[in-house]
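Examining the three-dimensional arrangement
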Amino acid sequence: MDSHLEEETLLGLHRFGLGPRSDLQYENSDPKELILGDLQRLQGPPAPALKDSGVASREAFANRQDRRAEQKRQRELRLSGLKQDGIPPIASTAMAGTPAALILQDEADWRYDLALAAPVGLQERLVWFWSNHFCVNSLKTPALAGAFEREAIRPFVAGRFGDMLSAVIKHPAMIAYLDNQRSAGPNSETGLSRNRGLNENLAREILELHTLGVEAGYTQADVTALAKIISGWTVIPVQETTPLAGEFSFDRRLHEPGSQTLLGMKFDQEGLDKGEAALQALARSPSTASHIARKFARHFVSDESAPALVDRLAANFRDRDGDLNELTKVLVSSPEAWLSRRDKIRRPGEWLMACCRGLGINPGTRFLLDSQKFLGEPLWQPPGPNGFSDDSTSWLEGIGQRLDVAVRLSQMAPVSIDADAAMNAILGPLARPETRQAVERAESRMQSLTILLMAAELHRR
Amino acid sequence: MPSNLTRRRFGLVAGSLFAWGSQPRLSRATTRDPRFLVVLLRGGVDGLGVVAPIGDPDWASLRGDRGLSLDGSHPAMRLDPMFAINSAMPHFARFFSDRQLLIAHALATPYRERSHFDAQDVLESGMPTAGVRDSGWLNRALTALAPGDQVATLSRELLTIGPVPPLIVRGAAPIISWAPTRLPAASDDTLMRVLGMYQHTDPVLARTVARRADLIQIAKTGVSPADQTAAAATGENSRLGQHFRNQFQEALTNAARFMSQPSGPRIGAITLDGWDTHADEGALSGRLSIMLDALDGAMAGFAKGMQNAWSDTVVAIVTEFGRTVRINGTHGTDHGLATVAFLLGGAVNGGRMMADWPGLRPADLHEGRELRSTLDLRSLMKGVLAEHLHIDPARIDQTVFPQSGEAPMIRGLVR
């Protein structure tokens, strides 16, 4: 493959995928086609051990240990937050062994397996992007975080935004994470009899984070209206002895009766349909299109993306009713998305995958989870509902920490790996002469791999 | 070079060159329970900065005040009329006077290029050329132990410390390894190399990484330790010293812990990194002296940890190549050829230098820049394997060090 084509191919694999796999030859004549071809690739069915979220909830509840472990974990979180420069132990978290922990481990196993095995990894990148956009936190719902990504995000990354939105907001993990399960309309049956009220958390985040974006000009009245519209969107308490315990349900007793006006639109449908209609209206808002377009471009291309690219993405989102397959195609087909200057700092999870795929190693789920945590991006534990930051400066500080992980990874690499060959496969023409030199001048094989994994060209994409 | 010693090409008569000490008694200690540890110093140790030929009239002018000497602020400790050892190694000096340390100089493997990786492969594989990586000579030695011999019965596996078994212990015979459970921090050397890489490729990352290591402080005070204020230098050096002392001590203390046990492994290898001193070598008071101090202390700790088994122990301390005889433009040395090796232990017939000194005049040097080699490392190792571990010399030449006809075995290394 000629050098320019090779450079474009590698650029594409890093920017839109998870980096090249060491054992694959990426012979192709059109890097864009190579990347987009990943959208067509069918995913295998989930590993049989993975449990539906309802099943997971019930199983986790059944084990009373979880509650005690939860307390211990909270305590440990507070303690580990005090360490400034210590290296956290490799040992697993307090929850080890409980059903919820095992479920989470299985889910993480599967997710990493997919990421390591994917030829290109565009689908995985999309799952990770949307999972961060619609994030939940496994600390609140440990048994559900993996299932949430698998059930409400993954099936829709090449589908319709409105469908993903609906699945996400109805998922027990999201309902619990943003406290909607006990939200009661002031005039609902429960609101009146038990003097309970609205919880606006989920409604606010739907408007601010998931759809319109904070600058869209919605008002407090809109937040309240939406909260009323989705009151009753709840989860059957997991303690109840019904086969559907832990699953989503629409509870009329919590629902605020009557029509609501949201963003100047009237919603007066019956029951669940009211909320569904509202969500679809939000999905169709031009503000949502702009918001999503900006985030999409920002995540994949650059913190300050070319206005032409953002406009094109927004227009496509509007015109094609949030068809994410189309949106992705527009992104990958845009010349602005292929700029050779690579500014984005790869997030820790992405960097780990690029390293492992590039070296052809699987260090195991435990190591990957611990490393992500060590590097500031614990899996499914974002700092807030706005997810992990997507701007490069946030991840800059942690680069130094990556050195310790790079040392460990290079220790795990089989002795047959040649750093030069690995560098050619992973970076090829993207590697600058000074990087090549530093790798070649290393004092030992292991050090040469460490230096390769720490190459600036690998931290950026 | 003293006039009563003539230089001879090694290989004519093994043994007769080394006339310093008395003739050793060859003994086969059938009640002995031998231990053998190989310590691999990775990076290419500057042999001339560890043990200097102070008796060579051409030595003083070669390195000026950066070279070891018997005078000055860090006087080297005299070993014999010709050689002196770095002042950072008082324990080694004591081992030498206690006759438990034998120092070989102007020694090299058969490798003649300058790549670390290939040189390490040759050092560890025991092969005459690079590129053969399926097994190490120590592993092959284990399988070559005379069956039924006490040594064979007790030495079931090869010990290695650290998460990655080095090539020298790999092969058909099993390995038993121990590694610290916590995540090891990257070495200062690796950090510096990464920083250097970023300074040319990504200044933003360079600033970030430098902050982590407080290296901005060092950058402000200048590259050369001589330019730093004493306080800053002490601070940085003491941090470096702490780092190496901890690292070396951990490896060797644990090696002793296992090897001294009645049911523990008898033969093993460990690696100690960081010896590639291209810049600011600091043989007198900088980096190299700090590392030698750490090695010195760690080996003393090892000897202590072996307890009664020390009298049955041989440690071979080796490196893949030496360095240039002259200091380079950044106060360091570059890759070279011949260097030192140590045999240390209660079982060693020590208290002597083993060196057919090639001289330091320009014509004496290898390619005009490095110490010439007059001794093949394999000759030394063969002697240990045959007389300490009772491996049949014919088997050694056949399977442990194949194609080593140019490196005849040296006898009398062991008590």
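Residues numbered from 1 in each chain as written. Chains lettered and ligands numbered in written order. Predicted model: local features only at pLDDT ≥ 70, side-chain atom pairs only at ≥ 80, totals over all residues. Heavy atoms only, no water.

Quick notes on the overall build of chain A
Tallying secondary structure elements over chain A gives 24 helices and four strands in all. Taken over the C-alpha trace, chain A has a radius of gyration of 23 Å; the compact-globule value for 461 residues is 23 Å, and the two agree within 12%. Principal axes of the C-alpha set define a box for chain A whose edges measure 75 × 50 × 40 Å. The 461 residues of chain A split such that 58% are buried. (Helix = DSSP H or I, 4+ residues; strand = E, 2+ residues; numbered from the N terminus. Rg over C-alpha atoms; globule rule 2.2 N^0.38 Å. Buried < 20%, exposed > 50% of the residue type's maximum accessible area, 1.4 Å probe, protein only.)

A word on the overall build of chain B
Per the secondary structure count, chain B includes 13 helices and 12 strands. Looking at chain B as a whole, 58% of its 415 residues are labelled buried. Counting contacts in chain B only where the partners sit at least 6 residues apart, residues at least 24 apart contribute 74% of the total. Total accessible area on chain B stands at roughly 16300 Å², and carbon and sulfur atoms take up 52% of it. (Contact = heavy atoms within 4.5 Å. Areas by Shrake-Rupley, 256 points an atom, 1.4 Å probe, with all protein chains shown as cover.)

Section: the interface of chain B and chain A
Opposite the 37 residues of chain B that make contact, chain A presents 37 residues. Summed over the shared surface of chain B and chain A, the number is two salt bridges. The shortest N-O distance in the salt bridge between Asp121 of chain B and Arg445 of chain A comes to 3.1 Å. Contributions of two or more residues to the side of chain B that touches chain A are made by helix H4 (116-125), helix H7 (188-201) and helix H8 (203-213) of chain B. Within the side of chain B that touches chain A, the residues separate by chemical class into 15 nonpolar, nine polar and 13 charged. (Salt bridge = Lys/Arg side-chain N within 4 Å of Asp/Glu carboxyl O. Nonpolar A, V, L, I, M, F, W, Y, C, P; charged D, E, K, R; others polar.)

Here we look at the state of the cysteines
On inspection of all chains with the given rule, the structure shows zero disulfides over all chains. Lacking any disulfide linkage, Cys355 of chain A is separated from the closest cysteine sulfur, that of Cys356 of chain A, by 6.6 Å. (Disulfide = S-S within 2.5 Å.)

Quick look at the pairing of strand S10 (residues 339-344) of chain B
Residues and elements named next belong to chain B. Within S10, six of the six residues are buried, leaving the element largely enclosed by the surrounding structure. For strand S5 (residues 101-108) and S10, the ladder comprises five bridges, and the chain directions are antiparallel. Following the sheet pairing, Leu101 is matched in S10 by Leu344. As paired strands, strand S9 (residues 313-319) and S10 are joined by three bridges and run antiparallel to one another. Among the inter-strand pairings, Ala316 is bridged to a residue of S10, identified as Leu343. (Pairing = 2+ DSSP bridges.)

A short note on the side chain of Arg125 of chain A
Residue and element names in this part refer to chain A. Here Arg125 lies in helix H6 (residues 122-133). With no salt bridge to any partner, buried Arg125 finds its closest opposite charge in Glu350, at an N-O distance of 4.2 Å. Apart from residues lying up to four places away in sequence, Arg125 is in contact with His14, Arg15, Phe16, Gly17, Leu18, His299, Phe300, Glu350 and Arg461. (Lys, Arg positive; Asp, Glu negative; His and termini not counted.)

Re the environment of Asp2 of chain A
With respect to the secondary-structure elements, Asp2 of chain A resides in the segment before helix H1 (3-16). Taking the C-alpha atoms as reference points, Asp2 of chain A and Leu369 of chain A, 367 residues apart in sequence, are found 38 Å from one another.

Some points on H1 of chain A
Residues and elements named next belong to chain A. With 14 residues, H1 ought to run about 20 Å at 1.5 Å a step, and its terminal C-alpha atoms sit 20 Å apart, in line with that. Looking only at H1, the buried set comprises Leu5, Thr9, Leu10, Leu11, Gly12, Leu13, His14, Arg15 and Phe16. On its buried face, H1 is in contact with helix H2 (31-40), H6, helix H14 (286-300), helix H16 (324-333), helix H21 (419-426) and helix H24 (456-459). If you check the start of H1, you find a side-chain oxygen 2.8 Å away from the backbone N of His4, and it comes from Asp2. (Expected span 1.5 Å × (residues − 1). Polar contact = N/O pair within 3.5 Å; in protein donor to acceptor, adjacent residues only side chain to side chain.)

What to know about the sheet that holds strand S4 (residues 84-85) of chain B
All names here are of chain B. Strand order in the open sheet made by the three strands is S2-S4-S3, with antiparallel pairing throughout. Each edge of the open sheet carries a strand with a single partner, namely strand S2 (51-52) and strand S3 (77-78). Note that S2 and S4 share two bridges and pair antiparallel. Within S4, the residue paired with Ala52 across the bridge is Ala84.

Looking at the packing of aromatic side chains
Within the structure shown, the criterion is met by 22 aromatic pairs over all chains. Considering the side-chain rings of Trp233 of chain A and Phe248 of chain A, the 5.7 Å spacing of their centres and the 75 degrees angle between planes classify their relative orientation as edge-to-face. Within this pair, whereas Trp233 of chain A is found in strand S1 (residues 233-235), its partner Phe248 of chain A is found in strand S2 (residues 248-250), the two being separated by 15 residues in sequence. An aromatic cluster is present here, built from Phe16, Phe129, Trp130, Phe134, Phe161, Phe296, Phe300, Phe317 and Trp338 of chain A joined pairwise through their rings. A cation over a ring is seen here: Arg94 of chain B above Phe95 of chain B, with NZ or CZ 5.0 Å from the ring centre. (Phe/Tyr/Trp six-rings, centres within 6.5 Å; stacked < 30°, edge-to-face > 60°. Lys NZ or Arg CZ within 6 Å of the ring centre and 35° of its normal.)

Thoughts on the confidence of the model for chain A
On average, residues of chain A score 88 in pLDDT, and 91% of them are at 70 or above. Across residues 78-95 of chain A, confidence stays below pLDDT 50; counting only partners more than four residues off in sequence or on other chains, it has 26 contacts. (pLDDT = per-residue confidence, 0-100.)

Comments concerning the environment of Phe96 of chain B
All names here are of chain B. Relative to the assigned elements, Phe96 resides in helix H3 (residues 90-97). Residue Phe96 is classed as buried on the basis of its relative accessible area of 8%. Between the C-alpha atom of Phe96 and that of Arg352, which follows or precedes it by 256 residues, the distance is 7.2 Å. With sequence-adjacent residues up to four places away left out, Phe96 is seen in contact with Leu79, Leu101, Ile103, Gly351, Arg352 and Met353.

Observations regarding the environment of Val50 of chain B
Residues and elements named next belong to chain B. Inspection of the secondary structure assignment puts Val50 in helix H1 (residues 47-50). The class of Val50 is buried, set by a relative accessible area of 1%. As for Val50 and Ala76, which are separated by 26 residues in sequence, their C-alpha atoms are 9.3 Å apart. When near neighbours in sequence (up to four residues on either side) are disregarded, Val50 contacts Val45, Leu68, Ala84, Ile85, Asn86, Met89, Leu292, Val340 and Phe342.

A closer look at helix H23 (residues 445-453) of chain A
Counting buried positions along H23 of chain A gives eight out of nine residues, so the element sits mostly inside the fold. Where H23 of chain A is concerned, the buried positions are Arg445, Gln447, Ser448, Leu449, Thr450, Ile451, Leu452 and Leu453 of chain A.

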